[in-house]
Amino acid sequence: MKEPIIQTFDLTKVFGRTIAVNKLNLKVSTGIHGFLGPNGAGKTTTIKMLIGSLFPTAGRIELFGQDVRGKETINIHKRIGYVPEHPTYFMGMSAEDLLYFMGSIFHMPQQEIRERANHLLQMVELTEAKNRPIVKFSAGMKQRIGIAQALMNDPELLILDEITSNLDPFGRNQMIDLLKDLRREGKTMLVSTHILPEVQKMNADSIGIIDHGHLVMEGTIEELNQRIGTRIIRISPAHEIFREALTPLVSKLTEEVDTFVVETDDKDKIWRTIANLSIQNNISITEFRSAGLEIEQIFMKAIESEKHQEALKLA
Amino acid sequence: MHKTLKKAKIPIILFIMLFFFCVFIQTPLSTSNQQYSLPNSNSIPFQASVTYESGNIIREDETIVDNILVMSSNPLLPPTNVTLINCTVQGSIYVFNTALLNILQRSNITGNVVISDDSKVHIDNSTITGTIECRDSSVVNLSNSYTNSTIFWKFDSANLTILNSNVFQLYEFGIGGQIQVLDSQISQVFLNGISSSRTYINSSNILFLDDSAKPLGLITGPLQFNFITLEYGYSTSEREVNLTWIGWDSPTIDGYLNLTFQILVDDQLFTEINGSGFINQYSGYCIVNITETGTHNISLVSFDGNGNNFTSTIKVEIIVYPSFSWNAFLIVVVVIVCSILMASIYLHNKQKQGLHSSLLNIFKRELSESKIKIIIFIALGAVPGILLFFIFGMINVESGALSIDSVRSLVSMIFTLFLYYFGLAFSIMFGAGAIVNAKKDGSLSWFLSKPVRRWEFLWGKIFAYLVIIIMVMLSISLSFVLGSLSFINPIYRPDLFSMGGFIFLIGLLALIPLTAIVVLCSTVFKKPGLTIFIPILLLIALPPIVSFLPIVTQNEYPLLLSFTYYFEQLGGAWVSSGAGLFGSIGTTFGAAFGITITPLSLTTTHIILILSSITIICFVLATWYIQKKDIP
């Protein structure tokens, strides 16, 4: 397994009497990592600790294998890009000036700054508006210049906090395509969001689910499916005999066009039951397809999982 | 009713304060007035019991217990002539209707003598214990008489001669006639009549002379001269003291008196001027140049041809305007520039080695982002100078070239007042939002994800503000100097440039600590409103409140809480001695209520140290806070 780019060790943040992040152990390797959680789960607090704006109450953070509060903080920050949820850059600046300023902050040579800024403005489709003050940009444009400023130093790690929350569907799709392109360039991205289908659209390589400061689950979608165990099985034809037999065995049964869609933790038992019934009643099975849960379903399962609820109670 | 009382509370308090103030002001005045006025109602009532109405009467070696009335009842007959030789009269004597009275040879009158209606009284070698009152056109001659209690009153056009005598008091209320005093001693002389009632004093010893004779303010008594200067007062920083005086001579000499005036500075003869006059009024003008600082006595001594002299002395404080040490200033500037150059070279070398600092980038960005604000503040800084240009222009037309004092007092007033509001606007516009706005909108936490150290973000801004303060103060001090330059007497130009230097320095000493305080608040507070409130509190709300506390504490220590106190004091030391809008309120009001307030003895060095300490403490605390605390 590759060396994790982000790794936290029992990361904890307490504000007064509120535990915002509770012993979070997060591991992010290359690709897109969806950092999911409901509002107030502790996503932004975690991200602010990653970028160094908040100090952990307890625990430790390593980026690229180095402690973020050590001597290498500045060098670590040279390798990351961050796009906040609410874009509040130096609003009086034009898009081009902001990128030039970012280039100077990273102490890039002037020639490189110019080339990189032009490239990024083209990439985020803001070349036409490069001289306009950012304050006059639309929400979508602000997010795009946010991506551009975060990419100015060609970072290895991009930390994106709810970047699509203020965008219209068209803007969201554009943003998702942009992230996919960046993945192809080899960037690692921590994408914090509570809009779950987007993570699916991004084909996130892994996801971490956080709730009340706890990391509920973490891994690839397949790993999470395996951990949850619940499968969706489509069975055709939708014969009444099958309904009678399946109803006590599954957690959920819905009927679509001549197809039963069931949710179960024991795929083999369902298969055995359906196979026996089809032989006994001479029913020809046209479809028996098992699939993992959708990301939204995984999220809900994770949040509602008994283990997690118990942990919350203990906390 | 309650509401009405509540509404009227402030006017009532003000009224009570005004009442006590008036009482306080009036009390000493009324006391002092008493000794100068002798109303006619004090005249002695008529109480005669022995009457001489005609003929020549001589009484010798007798003791008369009763009052005596001497009068000429028949105007066709010679006047009644009474002579008392070695007599003792226990009552009073009244002399009326052109009568004559001679009191001679060790006579002793224990009562009063009242003379009127063209009567004549000759007193020789006798004593009058009571009062001698002369009215109408009566004539009184007093010679060789010695009593310590005799009081003379002269009314109307009476004529009085005092020769080789000793009198306690002489009051003059006449409209004509004259008093002649020769070789005598009078303890107190009060001249209250009009100028046609003349008083001649020669070779006599007058212990106290008060001349309130009309026209008021012009007659200052025989050979007494007062200084009347055209300047604001005798306490001056000017090297030139303009003396103008008006005096009235002794009317014993009818016509022009050959007077000589000597101007002495610290008892050393400065110059001698021959008197010039009109009738018996003498005036003169002299410019006294004093180069040494400190308090000096300037005396005007007037001599007449008979050797009489009268000296009037004033104290003049020469405060040579403190000269701004441009050499030290240039050395400091060179040191700072060299330090910056060396730091830049050091950082450049470090950058080559891979160690980067974003301090310079943040500093440049802050300056570039504040371009418009800087231009506005530099333009605002020039406003007082433009204002002064027009004011001094108008004064110049009226009074000619201005002296440094004329410039200083106005400059000090405008500068101090300007600094209050300018400091307030400046700290709100620059320091107040420095960190708190960036924290509030999240841009600081975003910016900290870059390779930027927290202290670099803070100090990049602080350095930018320091440069802005320097630029703005240069504009302000230059505007003050240029606004006054065309109208000032050229001899004071070095002083004017010194004043500009001090204005620059005071501005730095006011704005830098204020910015430091506001930057600290901006770093610590979470809401911009609170940060804006701090300069308002420091510059507007607190100084007037604190300025009254010395009345309670009876010392000026509470003034240390007033931020403006410091730059008022610096202004007082360096620009004009009259500076101090709030610093002196407590002392003034305390004095009004008889409260003595122990003053603070802070030197400019103390103030600079205090302000520097405030600056350093605030910047250190702000740095510590931003380094150690969460940025939400």
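This one's a predicted model, so the numbers in the text were calculated from it and none came from an experiment. (Residues numbered from 1 in each chain as written. Chains lettered and ligands numbered in written order. Predicted model: local features only at pLDDT ≥ 70, side-chain atom pairs only at ≥ 80, totals over all residues.)

## Considering the interface of chain A and chain B
Stage number 1. Across the contact, 22 residues belong to chain A and 19 residues belong to chain B.
Stage number 2. Looking at the side of chain A that touches chain B, the elements with two or more residues in it are helix H1 (43-51), helix H2 (73-77), strand S7 (80-83) and helix H3 (95-105) of chain A.
Stage number 3. Broken down by element, the side of chain A that touches chain B gets its largest block of residues, 3 residues, from H3(A).
Stage number 4. Partitioned by chemical class, the residues of the side of chain A that touches chain B number 12 nonpolar, 8 polar and 2 charged. (Contact = placed C-beta atoms within 7 Å. Helix = DSSP H or I, 4+ residues; strand = E, 2+ residues; numbered from the N terminus. Nonpolar A, V, L, I, M, F, W, Y, C, P; charged D, E, K, R; others polar.)

## Concerning the environment of B:Ile103
All names here are of chain B.
Stage number 1. Here isoleucine 103 lies in strand S8 (residues 100-104).
Stage number 2. Each C-alpha atom of the pair isoleucine 103 and cysteine 87 lies 8.2 Å from the other, and the pair is 16 residues apart in sequence.
Stage number 3. Ignoring any residue separated from it by four or fewer positions in sequence, one finds isoleucine 103 in contact with Leu84, Ile109, Ile123 and Ser126.

## Points about the sheet that holds strand S6 (residues 88-89) of chain B
Residues and elements named next belong to chain B.
Stage number 1. Strand order in this open sheet of 4 strands is S3-S6-S9-S12, and the pairing throughout is parallel. The sheet is open, and its two borders are formed by strand S3 (63-64) and strand S12 (127-128), each paired with just one other strand.
Stage number 2. Pairing of S3 with S6 involves 2 bridges; the strand directions are parallel. Across the sheet, the residue bridging to threonine 63 is threonine 88, located in S6. (Pairing = 2+ DSSP bridges.)

## Structural notes on the packing of helix H12 (residues 563-574) of chain B against helix H14 (residues 604-628) of chain B
The relative placement of two packed helices is expressed as an angle between their axes plus a distance between the axes.
All names here are of chain B.
Stage number 1. Their axes nearest at 10 Å, the elements H12 and H14 cross at an angle of 150 degrees. Here H12 lies roughly antiparallel to H14, going by the angle between them. Helix-helix and strand crossings are classified by hand; for H12 and H14 the assignment is left-handed. On H14, the residues that touch Tyr566, Gln569, Leu570 and Ala573 of H12 are Thr604, Ile607, Ile610 and Leu611. (Axes fitted to C-alpha atoms, helices over the stretch in contact; angles between N-to-C directions. Parallel < 35°, antiparallel > 145°, perpendicular 65-115°, else oblique. Left-handed = near helix turned anticlockwise from the far one by under 90°.)

## Considerations on the packing of helix H4 (residues 359-369) of chain B against helix H9 (residues 454-485) of chain B
Residue and element names in this part refer to chain B.
Stage number 1. Axis separation between H4 and H9 bottoms out at 8 Å; the angle between their running directions is 45 degrees. Taken as axis vectors, H4 and H9 run oblique relative to one another. In this structure, H4 meets H9 at a crossing whose hand is right-handed. Residue-level inspection shows Leu359, Ile362, Phe363, Glu366 and Leu367 of H4 in contact with H9, the latter providing Glu456, Phe457, Trp459, Gly460, Lys461, Phe463, Ala464 and Val467.
Stage number 2. In terms of residue class, the contact of H4 with H9 is built from 9 nonpolar, 1 polar and 3 charged.

## Regarding the nonpolar core
Here is a general trend for soluble globular proteins: nonpolar side chains tend to be buried in one another's company.
Stage number 1. Core analysis: the largest hydrophobic core is formed by 157 residues, its most contacted members being A:Leu63, A:Leu98, A:Ala148, A:Ile159, A:Val191, B:Ile503 and B:Ile517.
Stage number 2. Looking at this core element by element, the count peaks at 17 residues for helix H10 (residues 493-524) of chain B.
Stage number 3. With residues up to four places along the chain from it excluded, the contact list for A:Leu63 reads A:Ile5, A:Ile6, A:Leu50, A:Val68, A:Ile76, A:Ile80 and A:Leu157.
Stage number 4. B:Ile115, B:Val121, B:Phe155 and B:Ile162 belong to the second largest nonpolar core, which has 44 residues in total. (Core = buried A, V, L, I, M, F, W, Y, C linked by C-beta atoms within 7 Å. Buried ≥ 20, exposed ≤ 12 C-beta atoms within 10 Å, placed from the backbone.)

This is a description of form; function is not addressed.
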